[in-house]
Number of protein chains: 2
Amino acid sequence: MAMKHLSRDLDQLRKSLLDLGGRVELAFRDATAALVERDAERARKVVRGEREIDLSEVRLEEECLKILALHQPVAGDLRFVITVLKVNNDLERMGDAAESIAARALQLIALAPVTVPPDLMPMIQSARGMTRKALECLVLSDVALAREVLRDDAMVDDSQVRMFTNLQQRMRELPDQIGQCVLLLSATRQIERVADLATNIAEDVIFLHEGEIVRHKRSNLRAVPT
Amino acid sequence: MAMKHLSRDLDQLRKSLLDLGGRVELAFRDATAALVERDAERARKVVRGEREIDLSEVRLEEECLKILALHQPVAGDLRFVITVLKVNNDLERMGDAAESIAARALQLIALAPVTVPPDLMPMIQSARGMTRKALECLVLSDVALAREVLRDDAMVDDSQVRMFTNLQQRMRELPDQIGQCVLLLSATRQIERVADLATNIAEDVIFLHEGEIVRHKRSNLRAVPT
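Within every chain, residues take consecutive numbers counted from 1 along the sequence as written. To read the labels, note that chains go from A and ligands from 1, taken in the order they are written. Where totals are concerned, whole chains, interfaces and linings use all residues; where local detail is concerned, this predicted model gives features only for residues with pLDDT of at least 70, and gives and counts side-chain atom pairs only at 80 or more. Based on all heavy atoms of the structure, the side-chain values leave hydrogens and waters out of the count.

Here the copies are superposed with least squares, the fitted atoms being C-alpha atoms of residues at a pLDDT of at least 70 in both. With an RMSD of 0.0 Å, chain A superimposes on chain B once it is rotated by 180 degrees and translated 0.0 Å along the axis. The superposition of one copy onto the other is thereby described by a two-fold rotation axis. When C-alpha distances to the rotation axis are compared across chain A, the minimum falls at A:Gln72, with a value of 2.9 Å. Most of the interface of chain A is mirrored in chain B, where 100% of its interface residues again form contacts. Working rule for contacts: check all heavy atoms of both residues, and any pair within 4.5 Å makes them a contact.

Take a look at the structure:
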């Protein structure tokens, strides 16, 4: 009987996690679209939605603690609940990043429009794909998909290096665009952060299923200041 | 008997956490000193030490999982172990930030020296104090000290706003210093991140002892791009 309740509660936990993940994914999509399309209304939508994401994170953590206290799960179930605790934290940080991007979008909209670096859109597309795959690999227990996320992260990092060079050069050539360039650099960094957090989730999925610790194998020493 | 083992394992966990915390605190101190004093050797020491911090984080997580699986702690003990899991994660991210600051220091040392903004050193001092207090409040269960960390964070944020304005202005006036300014902006952001992570830890300590969720009460919408 207790077992049955545990599996029911774990199903509910999975649903709550997906619900939070869906909100965060949407917030990131809206924030990046607002950035590229100078869409203030969409940026404000992200800012308004952040409170709900924060509340969902708190509730999900409470759900995990309740399951641990009530059912005292062991082995795979225990590892799953701990993974949810960690992913929950990563998702909330993704939500924070989305909110920061939306705030940068609003600040950019208040300034004169400038050409967006050519790498921005592909970088956004990669990061969006990574957030989707990170959630999918967790829910579907798909380790191959998790490894794909790790590979995608290298692409995002490359885009960032090029964007950084591009924007720094532009600051030198067009000093009246320094304000916009600093905001674009900041937004880029937050996009890269979202990709990193998706990578964290994928690493946790690999660890959950294979016991292999893949995190810390990548270097934190990026070629460009982030 | 089982109880006795649990309390012995929790003591060991506390020690491991303090050990990791000490390493991270030292890495941050070294990285920021390397930045201000252009000390390449000290920056390289931080980069070399990062691997040990990563390994300690992995071991600490395993210790937590072992305690959960073996003793199935409840109530306060359960919350404590979960808090350690979260703090462990925050400390590792602090270590990452210290490594980033060290990397920026090395890049700066390779460029012509520039005047450091007047707010940098006080900001570093505040952030160093916060990391120390965050560990202390956790180990001593000192909620008043935890609340002090939350107050300090506001000061760090103010310093960052001023540094940001200062550096952006300098980029306009002295375009040949754009490279250095971008690196200093990046280092500033990482210092601010360390202060934020110390704040996370303090918030978790408050939650552990008072059940009050103080996180998410602060706004993520900073006045400056970060």
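Structure's up, so let's keep going.
This next bit is on the interface of chain A and chain B. Counting residues at the interface gives 52 residues for chain A and 52 residues for chain B. Any Lys or Arg side-chain nitrogen located within 4 Å of an Asp or Glu carboxyl oxygen qualifies as a salt bridge. Scanning the region where chain A abuts chain B turns up six salt bridges. The shortest N-O distance in the salt bridge between A:Glu61 and B:Lys86 comes to 2.9 Å. Under this definition, polar contacts are N or O atom pairs within 3.5 Å; protein pairs additionally need one hydrogen-donor-capable and one acceptor-capable atom, and for neighbouring residues in sequence, both atoms have to be side-chain atoms. Our count for the contact surface shared by chain A and chain B stands at five residue pairs in polar contact (both at pLDDT 80 or more).

Next up on the list: the packing of aromatic side chains. Each aromatic pair joins two rings of Phe, Tyr and Trp (for Trp, the six-membered one) with centres within 6.5 Å, and gets the label stacked for planes under 30 degrees apart, edge-to-face for over 60, and tilted for any other angle. Scanning all chains against the criterion turns up zero aromatic pairs over all chains. Stacked on the ring of A:Phe80, the Lys or Arg A:Arg14 has its end atom at 4.8 Å from the ring centre. We count a charge as sitting over a ring when the NZ of a lysine or the CZ of an arginine lies within 6 Å of the ring centre and within 35 degrees of the ring normal.

With that settled, the discussion passes to unusual backbone geometry. Residue and element names in this part refer to chain B. With phi around 50 degrees, Arg-38 is a residue other than glycine that occupies positive phi space. Strands here mean DSSP runs of E at least two residues long; helices mean DSSP runs of H or I at least four residues long; both are numbered from the N terminus. The topology assignment puts Arg-38 in the loop between helix H1 (2-37) and helix H2 (40-71). Each residue is placed in one exposure class: buried if its accessible area under a 1.4 Å probe, protein chains only, is under 20% of its type's maximum, exposed if it is over 50%, and partly exposed if it falls in between. Judged by its relative accessible area of 32%, Arg-38 falls in the partly exposed class.

Another aspect to go through is the environment of A:Arg93. Position of A:Arg93 among the secondary structure elements: in helix H3 (residues 75-109). The exposure class assigned to A:Arg93 is buried, which follows from its relative accessible area of 8%. Sequence separation of A:Arg93 and A:Val24 is 69 residues, and the distance between their C-alpha atoms is 9.3 Å. Beyond its immediate chain neighbours, meaning those up to four positions away, A:Arg93 contacts A:Arg193, A:Leu197, B:Asn89, B:Asp90, B:Arg93, B:Leu197 and B:Asn200.

Helix length check: helix H4 (residues 120-139) of chain A (20 residues) gives 29 Å between terminal C-alpha atoms against 28 Å at 1.5 Å per residue, within 8%. Most of H4(A) sits out of view: 14 of its 20 residues are buried. In a helix, the anticipated span is given by 1.5 Å times the number of residues less one.

Compared with the 48 Å implied by 1.5 Å per residue over 33 residues, the 47 Å span of helix H6 (residues 178-210) of chain A between its first and last C-alpha is a close match. Residue A:Gly211 follows H6(A) closely and has a positive phi angle near 70 degrees.

Residues and elements named next belong to chain A. For every residue, the predictor states its confidence as a pLDDT score lying anywhere from 0 to 100. Taken residue by residue, chain A gives an average pLDDT of 90. The fraction at 70 or more is 92%. Element-level mean pLDDT values for chain A span from 92 in H6 up to 95 in H4. In the predicted structure, residues 219-223 sits below a pLDDT of 50 and forms 13 contacts with residues beyond four places in sequence or in another chain. Interface confidence for the predicted complex, given as ipTM, is 0.81, next to a pTM of 0.87.

On to the packing of H6(A) against helix H5 (residues 143-173) of chain B, then. The axes are straight lines fitted to the C-alpha atoms, using for helices just the contacting stretch, and the angles between their N-to-C directions are given from 0 to 180°. Axis separation between H6(A) and H5(B) bottoms out at 10 Å; the angle between their running directions is 130 degrees. Here H6(A) is positioned oblique relative to H5(B), judged by the angle of their axes. Where H6(A) crosses over H5(B), the two elements pack in a sense that is right-handed. For the pair H6(A) and H5(B), contact is made by A:Ile178, A:Gly179 and A:Val182 and by B:Phe164, B:Gln168, B:Met171 and B:Arg172, respectively. Under the convention adopted here, Pro, Cys and the residues Ala, Val, Leu, Ile, Met, Phe, Trp and Tyr are nonpolar, Asp, Glu, Lys and Arg are charged, and Gly plus all remaining residues are polar. Among the residues making up the contact of H6(A) with H5(B), the classes are represented as four nonpolar, two polar and one charged. Should an angle fall under 35 degrees it is taken as roughly parallel, and over 145 as roughly antiparallel, whereas 65 to 115 is taken as roughly perpendicular and any remaining angle as oblique. Rotating anticlockwise by less than a right angle from the far helix to the near helix defines a left-handed crossing, while the corresponding clockwise rotation defines a right-handed one.

Residue and element names in this part refer to chain A. Counted according to the given criterion, the structure contains 34 salt bridges over all chains. Note that Asp-204 and Lys-86 form a salt bridge whose closest N and O atoms lie 3.4 Å from each other. On the criterion of sequence distance, the pair formed by Asp-204 in helix H6 and Lys-86 in helix H3 is long-range, its members being 118 residues apart. You can call Asp-204 buried: its relative accessible area is 7%. For Lys-86, a relative accessible area of 15% corresponds to the buried category. Taking the shortest distance from any N to any O, the salt bridge between Lys-133 and Glu-148 comes out at 2.9 Å.

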